[in-house]
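Chain by chain, the residues:
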Amino acid sequence: MQILLLSMPDSFEHTPTIAVRMPNGGLASLAGNVDSHHQVAIADLILAQSSVQATVVRLMEQLQPRLVGLSVMTFQRGTARRIISLIRSIKPDVLVAVGGYDPSLAPEAWTDPSLGVDFIVRGEGDLTFRELLRAIEGQGSLSNISGLWFRSPGGFQRNPARPATTLKGGEVRPPSRAARVLSGYTMMGRSIDVVETSRGCTFDCSFCSIIEMRGRNFYRFSIDRVIADIRDAHDRGARSIFLVDDNITIDVPRLEALCRAIVEHGLDDIMYVVQAMTAAIATHGASLAPLMRQAGFRYVFLGIENVLEDDLAFLRATAKNSRKQENTTLAAVNVLHQHGLLVVGGLIVGNPDDTRSSIETNLAFARKYVDWPYIQHPTPYPGTPMTRDFRERGLIVNQRVEEYDGTSAVTRSAHLDAEEIEFMRWRAERWMKVRHIPTAFRLHPGFVLRHWRGMMTHTFRGTTWRALIGLESVRDTFRRYRQIRAQEREYLAWPDPLAAQPPAEPAVASQALNWVAR
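Model, not experiment: these values are computed from the prediction. Residues take numbers from 1 onward in each chain, read along the sequence in its written order. Given that this is a predicted model, residues contribute local features only at a pLDDT of at least 70 and side-chain atom pairs are listed and counted only at 80 or more, while totals for whole chains, interfaces and linings are drawn from all residues. Side-chain figures throughout are based on the complete set of non-hydrogen atoms in the structure, without hydrogens or water.

**Brief notes about the overall build of the chain**
- Each helix and strand counted, the chain has 18 helices and 17 strands in total.
- A compact globule built from 518 residues should have a C-alpha radius of gyration of about 24 Å, and the chain, at 22 Å, falls within 12% of that.
- Seen through its C-alpha atoms, the chain measures out along the principal axes to roughly 60 × 55 × 45 Å.
- Burial classes follow relative accessibility: with a 1.4 Å probe on protein chains only, a residue under 20% of its type's maximum area counts as buried, one over 50% as exposed, and anything between as partly exposed. Among the 518 residues that make up the chain, the fraction classed as buried is 61%.
- The centroid of the 60 positive side-chain charges in the chain is displaced by 3 Å from the centroid of its 55 negative side-chain charges. Secondary structure is summarised from DSSP: a helix means a run of H or I of at least four residues, a strand means a run of E of at least two, and numbering begins at the N terminus for each. Radius of gyration means the value over C-alpha atoms here, while the globule rule gives 2.2 Å times the residue count to the 0.38 power. Residues scored as charged are limited to Lys and Arg (positive) and Asp and Glu (negative), so that His and the chain ends carry no count. Charge placement uses NZ in Lys and CZ in Arg. For Asp and Glu, CG and CD serve respectively.

**Focus on helix H1 (residues 25–32)**
- Taking burial as the measure, the 8 residues of H1 include 7 buried ones, the bulk of the element.
- Contact definition: two residues touch when any of their heavy atoms are within 4.5 Å. In this fold, the buried residues of H1 make contact with strand E1 (2–7), strand E3 (39–44), strand E4 (67–71), helix H5 (126–136) and strand E11 (198–201).

**Focus: helix H2 (residues 52–63)**
- One less than the number of residues in a helix, times 1.5 Å, gives the span that helix is expected to have. Between its terminal C-alpha atoms H2 stretches 16 Å, which fits the 16 Å expected from 12 residues at 1.5 Å a residue.
- Turning to H2, its buried residues number three or more, namely Val52, Thr55, Val56, Leu59 and Met60. Down the axis of H2, the sector holding all buried residues measures 125°, keeping them to one side. Facing away from the buried surface of H2 by more than 90 degrees, the exposed residues are Ala54, Glu61 and Gln62.
- If you follow the buried residues of H2, they end up packed against E1, E3, E4 and helix H3 (77–90).
- In the segment just after H2, Gln64 is the residue with positive phi, at about 45°. By definition, the arc is the one covered by directions from the helix axis to the C-beta atoms.

**Topic: the sheet that holds strand E10 (residues 190–195)**
- Any two strands are treated as partners once DSSP identifies two or more bridges connecting them. The mixed open sheet is built from 8 strands, whose spatial order is E2-E9-E10-E13-E14-E15-E16-E17. The open sheet has two free edges, formed respectively by strand E2 (20–21) and strand E17 (372–376), since each of these has just one partner strand.
- The pairing of strand E14 (residues 271–277) with strand E15 (residues 297–305) spans 6 bridges and is classified as parallel. Opposite Gln275, over in E15, you have Phe301 as the bridge partner.
- Its contacts with the sheet place helix H9 (residues 278–295) against E14 and E15, and it is angled at close to 170° to E15. Each axis is a line fitted through C-alpha atoms, taken for helices only over the stretch in contact, and angles between the N-to-C directions span 0 to 180 degrees.

**Regarding the pattern of salt bridges**
- Any Lys or Arg side-chain nitrogen located within 4 Å of an Asp or Glu carboxyl oxygen qualifies as a salt bridge. Summed over all chains, the structure comprises 34 salt bridges.
- Of the charged contacts, one joins Glu131 and Arg162 as a salt bridge, the two residues approaching to 2.9 Å between their closest N and O atoms. Separated by 31 residues along the polypeptide, Glu131 in helix H5 and Arg162 in the loop between strand E8 (155–158) and strand E9 (186–187) bring together distant segments of the chain.
- For Glu131, a relative accessible area of 28% gives the class partly exposed.

**What about the nonpolar core?**
- In this description, a nonpolar core means a group of buried Ala, Val, Leu, Ile, Met, Phe, Trp, Tyr and Cys residues linked to one another through side-chain atoms lying within 4.5 Å. Counting residues in each nonpolar core, the largest one holds 74 residues, and the members touching the most others are Leu70, Ile83, Trp110 and Val117.
- With 5 residues, H3 is the single largest residue contributor to this core.
- Ignoring anything within four residues of it in the chain, the contact list for Leu70 reads Leu6, Met8, Ala80, Ile83, Ile84, Val96, Ala97, Val98 and Gly99.
- Core analysis: the second largest hydrophobic core is formed by 56 residues, Phe221, Tyr272, Ala280 and Val370 among them.

**A few points about the packing of H2 against H3**
- Across the interface, H2 lies against H3 with an axial gap of 10 Å and an inter-helix angle of 40°. The pairing of H2 with H3 is recorded here as oblique in orientation. When you trace H2 past H3, the crossing you get is right-handed. In this structure, H2 contributes Val52, Gln53, Val56, Val57, Met60 and Glu61 to the contact, and H3 contributes Ile83, Leu86, Ile87 and Ile90.
- Lys, Arg, Asp and Glu make up the charged group, whereas Ala, Val, Leu, Ile, Met, Phe, Trp, Tyr, Cys and Pro make up the nonpolar group; the residues left over, Gly among them, are polar. In terms of residue class, the contact of H2 with H3 is made up of 8 nonpolar, 1 polar and 1 charged. Comment on the angle field: the value is read as roughly parallel under 35 degrees, roughly antiparallel over 145, roughly perpendicular from 65 to 115, and oblique elsewhere. Each helix crossing is assigned a hand: it is left-handed if the near helix lies turned anticlockwise from the far helix by less than a right angle, otherwise right-handed if that turn is clockwise.

**So, the side chain of Lys91**
- Relative to the assigned elements, Lys91 resides in the loop between H3 and strand E5 (95–99).
- The class for Lys91 is buried, based on a relative accessible area of 13%.
- Throughout this description, a polar contact denotes any pair of N or O atoms lying within 3.5 Å of each other; where both atoms belong to protein, one of them has to be capable of donating a hydrogen while the other can accept it, and for residues adjacent in sequence the pair is counted only when both atoms sit in side chains. A polar contact of 3.3 Å, which involves the side chain of Lys91, links it to the backbone oxygen of Pro65.
- Aside from chain neighbours lying at most four places away, what touches Lys91 is Met60, Gln64 and Pro65.

**Notes on the pairing of strand E7 (residues 148–152)**
- With 3 bridges connecting them, strand E6 (residues 119–121) and E7 associate as antiparallel partners. By the bridge assignment for E7, Ile120 is matched with Trp149.
- Sheet analysis places E7 next to E8, joined by 4 bridges and oriented antiparallel. Looking at the pairing, Phe150 lines up with Gln157 of E8.
- Where E7 hands over to E8, the hairpin turn is made up of 2 residues, counted between the paired strands.

Interpretation in functional terms is not warranted from these geometric data alone.
Structure (structure tokens):
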């Protein structure tokens, strides 16, 4: 069977394509786990943002797929619906499957007959998708596939959820990077790929989609499997690797062993990027950080979440961001900096009781201590405790899911409206990013020399000469920026089949904090 797998072109504000074009690791895993007689093509449309419609048309006409699968996050929902409609206009009888965070956590958003979706793959898709293809070929019944919803004459049949796989015994095979049909994955000019060493998290942060999607658990791939996966990415040209684990620092001894294995196998010439908990880094950083540096780690996405205890309590992030002895976040930042590692500071501002002062406190911390800001707003993604809290307090003010990208404030606090919260973050972050340019130049001199103008243009979108000389206010620039951002979300000139219908009630989570959707 010919299969086409698509990831959406919509990107986060903090990972603009001029600097970061990351592959979707989940699609490569799907391709690696189907039976060998299938022909799978993966197209990460982040590589074709300026030509999405033409790219989809070309691939459909060239490949003539029997089934098209789309990986979708909530803010990509509108784009995905347009792409499905476009696909069906080209090949009306094509089968369409959707998966990823949004179909997993808000499957009802994909059941309308006018959307043309045949299958909804919920949760981890590796085994479910394999079994789906077998059933389509007549090997087994769709009704027996855990984790699958499928269209039937009476509407969607909703099979039971599939438990998270334990990753033991080779039940999830390695990804197939050879299936990718587009190229150009880069981070700051270096070719990049993604590798997962584990799945899951045992914490219960109120904003997190992961727990809602797979429960509280943590499963590991063997170190040998991880090293083989890194080598495969390296042999295919990757010189940067993002370890996309949900929470790799749950098992610090294993991370230390992985660092040693990377060095032992000569894979320390790669620049690694990783996500980490502040408490783990603060507690174990004296031994862990030098090993990470030796292995080639450079950027650490630190899940700071917030520097105020009351906000951490609301986010249910106190356990992973606190120690008894001292300020955990500061200790984590300091130990990483001492060993030459750069901190991507993940913070969340605009929580229900946030005031101007509390937001400014977090922004001031980011200005002083983080190397690259990754500051977001609470966002009504489906199914998490935070979403319920915001809804019960009447703080959700925007139900346009295309704006649920983490940096568009779609909730207000009890003290500030959404636009003011977003304005405070936007105004501060621009200059934080400018201050990172000298560090970026030391790491990536060629890229910065070639692209500094484009980097500055992106960071200061909406700024005019009138604004620079004071004839326009910064508020005018902000409003112009928001208009530009809205235009950027239109990736193809094709109608949304549900555009005329009222938006569904959103079912807040951290899809955006997971840089790569699994």
